[in-house]
Amino acid sequence: MKDSVGSAQSCPVLKLLSNKVGNILCFWNAPNKYRRLDAKLEAKMMELKRSSSVQTNFRSINSIILKFPQFKEGLKEIKGVFEQFDEDSNGTIDREELKKCVKKLQFHVKEEEIDDLFHSCDVDEKEGIQFNEFIVLLCLIYLLTDSSSSRNTSKIGSPELEATFNTIVEAFLFLDKNGDGKLHKKEVVKALNDDCPSEKSPSHVTRIRFKEMDWDRSGKVSFRQFLFAFLDWVGVNTDDENHATER
């Protein structure tokens with residue numbers, strides 16, 4: 001896999017984002033709206049980076065790519081949870097359905113935090129959380145909830161789902177070379193190129209990959225932004241179009 005996260009020809013699983021996903025990016029024009037949640041995520045990522053109990057096993061971008069099928073399979077477990085709380089079966093979870101979901105799963109989240117999560121995950125601002133957005137939301141709740149992660153994840157799905165979320169976090173920590181809780185272009189380039197020269201990506205591919213994450217063009221990528229881009233790279237929506245409305 002010479003181009004690593006390269007062209008669709010060398011790595012089909014990492015094809016360029018579709019026009020539909022491209023349309024989402026235009027909604028990310030108000031970075032202040034997400035500052036509070038992103039600050040919490042940044043602090044959490046810094047904490048995990050410093051923690052001796054959390055070690056990333058990734059040594060190159062290809063080692064992440066090879067796990068894409070496992071990521072996709074693990075995240076499918078969320079489908080049943082989504083369908084359970086999509087009470088009107090319209091392919092989205094609204095604010096009230098989300099509150100019921102959080103309460104049922106026994107997450108200790110304040111209403112203000114639920115609102116933050118809802119706004120940050122409802123990227124097309126249609127007042128409804130679609131399936132891929134719901135995956136992001138559950139992952140963020142999993143990270144930010146103080147109570148026992150094993151108890152919470154068993155209620156979401158299974159230990160396999162917990163392992164999937166943890167491995168996605170490891171992928172972020174692999175890219176976050178300086179451990180400041182966010183991704184910068186220079187360190188992403190380093191991760192894609194310098195860490196494994198034999199798998200070096202063409203410069204234009206590296207730029208594209210960073211743009212796919214840097215939705216607000218701030219030059220910095222939060223875990224939230226990374227997670228949305230990562231799900232598109234893995235191809236979570238490919239088999240779940242019935243859970244999403246056209247954007």
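Keep in mind the model is a prediction, meaning the values are calculated, not measured.

*Asks:* Summarise the overall build of the chain; cite the residues concerned and give the values.
*Replies:* Each helix and strand in the chain was counted, giving 13 helices and two strands. Classification of the 247 residues of the chain by burial places 52% in the buried group. Considering only contacts in the chain between residues 6 or more positions apart, those separated by 24 or more positions represent 71%. For the chain, the accessible surface area stands at approximately 11,500 Å², while carbon and sulfur atoms represent 50% of it.

*Asks:* Just give me the short version of helix H2 (residues 35-50), but keep the residues and values in it.
*Replies:* Since one α-helical turn is 3.6 residues long, residues separated by three or four positions face the same way. In this model H2 runs 22 Å from its N-terminal to its C-terminal C-alpha over 16 residues, within 8% of the 22 Å that 1.5 Å per residue would give. What H2 keeps buried is the set Leu-37, Asp-38, Leu-41, Met-45 and Leu-48. Down the axis of H2, the buried side of the element spans an arc of 90 degrees, and every buried residue falls inside it. Of the residues in H2, the exposed ones pointing more than 90 degrees away from the buried face are Arg-35 and Arg-50. Looking at the buried side of H2, the elements it contacts are helix H7 (111-121), helix H8 (131-144), helix H10 (159-175) and helix H13 (223-234).

*Asks:* An account of the state of the cysteines is needed here, citing residue identities and associated values.
*Replies:* Applying the stated rule across the entire model yields zero disulfides. With no disulfide partner, Cys-121 has as its closest neighbouring cysteine sulfur the one in Cys-139, 9.7 Å distant. Residue class for Cys-121 comes out buried when judged on its relative accessible area of 0%. By relative accessible area, Cys-139 is classed as buried at 0%.

*Asks:* I'd like to hear about the UniProt feature "domain: EF-hand" (unreviewed entry) in the chain, residue by residue, with values.
*Replies:* Per the UniProt annotation, the sites labelled "domain: EF-hand" (unreviewed entry) are residues 73-108, 109-144 and 163-198. As a span, residues 73-108 carries 58% helix and 0% strand, and end to end its C-alpha atoms are 28 Å apart. When the span residues 109-144 is considered, its composition is 69% helix and 0% strand, and the gap between its end C-alpha atoms is 9 Å.

*Asks:* Tell me about the layout of surface pockets, and please be specific about residues and values.
*Replies:* Its volume calculated, the largest pocket comes out at about 330 Å³. Taken together, 17 residues make up the lining of the largest pocket; nearest its centre are Arg-35, Asp-38, Asp-216, Lys-220 and Ser-222. Of all the elements in the fold, those that place two or more residues in the lining of the largest pocket are H2, strand E2 (220-221) and H13. Counting residues per element, the lining of the largest pocket draws most heavily on H2, at five residues. Looking at the lining of the largest pocket residue by residue, the classes come out as six nonpolar, four polar and seven charged.

*Asks:* Break down the nonpolar core for me, citing the residues and quoting the values.
*Replies:* One finds Phe-223, Phe-226 and Phe-230 to be the most contacted residues of the largest nonpolar core, which totals 66 residues. By residue number, the principal contributor to this core is H8, which donates eleven residues. Ignoring anything within four residues of it in the chain, the contact list for Phe-223 reads Leu-41, Met-45, Cys-139, Leu-140, Leu-143, Ile-168, Val-169 and Phe-172.

*Asks:* Can you tell me about the side chain of Ser-120, naming the residues and giving the values?
*Replies:* Summarising the element assignment, Ser-120 is placed in helix H7. Engagement of the side chain of Ser-120 in a polar contact is seen with the backbone oxygen of Asp-116, the distance being 2.9 Å.

*Asks:* An account of the packing of aromatic side chains is needed here, citing residue identities and associated values.
*Replies:* Within the structure shown, the criterion is met by eleven aromatic pairs. Between Phe-82 and Phe-131, the aromatic rings sit 5.6 Å apart at their centres with planes inclined by 80 degrees, giving edge-to-face as the arrangement. Of the two residues, Phe-82 sits in helix H5 (residues 78-85) while Phe-131 sits in helix H8, which places them 49 residues apart along the sequence. Relative to Phe-226, the ring of Phe-223 lies with its centre 6.0 Å away and its plane at 35 degrees, an arrangement referred to as tilted. Placement of the pair is Phe-223 and Phe-226 together in helix H13, with a separation of three residues, close to one helical turn. These aromatic residues form a ring-pair network of at least three members: Phe-68, Phe-71, Phe-172, Phe-223, Phe-226 and Phe-230. Positioned above the aromatic ring of Phe-118, the side-chain terminus of Arg-95 is 4.6 Å from the ring centre. A cation over an aromatic ring shows up here: Lys-177 above the ring of Phe-174, its NZ or CZ 4.1 Å from the ring centre.

*Asks:* Break down H8 for me, citing the residues and quoting the values.
*Replies:* A rise of 1.5 Å per residue sets the reference length of H8, with its 14 residues, at 20 Å; its end C-alpha atoms lie 20 Å apart and thus fit the reference within 8%. Among the 14 residues in H8, 13 count as buried, and that is most of the element.

Definitions and limits used
- Residues numbered from 1 in each chain as written.
- Predicted model: local features only at pLDDT ≥ 70, side-chain atom pairs only at ≥ 80, totals over all residues.
- Heavy atoms only, no water.
- Helix = DSSP H or I, 4+ residues; strand = E, 2+ residues; numbered from the N terminus.
- Buried < 20%, exposed > 50% of the residue type's maximum accessible area, 1.4 Å probe, protein only.
- Contact = heavy atoms within 4.5 Å.
- Areas by Shrake-Rupley, 256 points an atom, 1.4 Å probe, with all protein chains shown as cover.
- Expected span 1.5 Å × (residues − 1).
- Arc of directions from axis to C-beta.
- Disulfide = S-S within 2.5 Å.
- UniProt positions renumbered as here; feature names shortened; annotations may be inferred.
- 1 Å grid on protein atoms, 1.4 Å probe; cavity = no way out; pocket = protein on both sides within 12 Å on 5 of 7 lines; lining within 4 Å.
- Points joined across faces, edges and corners; volume = space filled by probe spheres on them.
- Nonpolar A, V, L, I, M, F, W, Y, C, P; charged D, E, K, R; others polar.
- Core = buried A, V, L, I, M, F, W, Y, C linked by side-chain atoms within 4.5 Å.
- Polar contact = N/O pair within 3.5 Å; in protein donor to acceptor, adjacent residues only side chain to side chain.
- Phe/Tyr/Trp six-rings, centres within 6.5 Å; stacked < 30°, edge-to-face > 60°.
- Lys NZ or Arg CZ within 6 Å of the ring centre and 35° of its normal.

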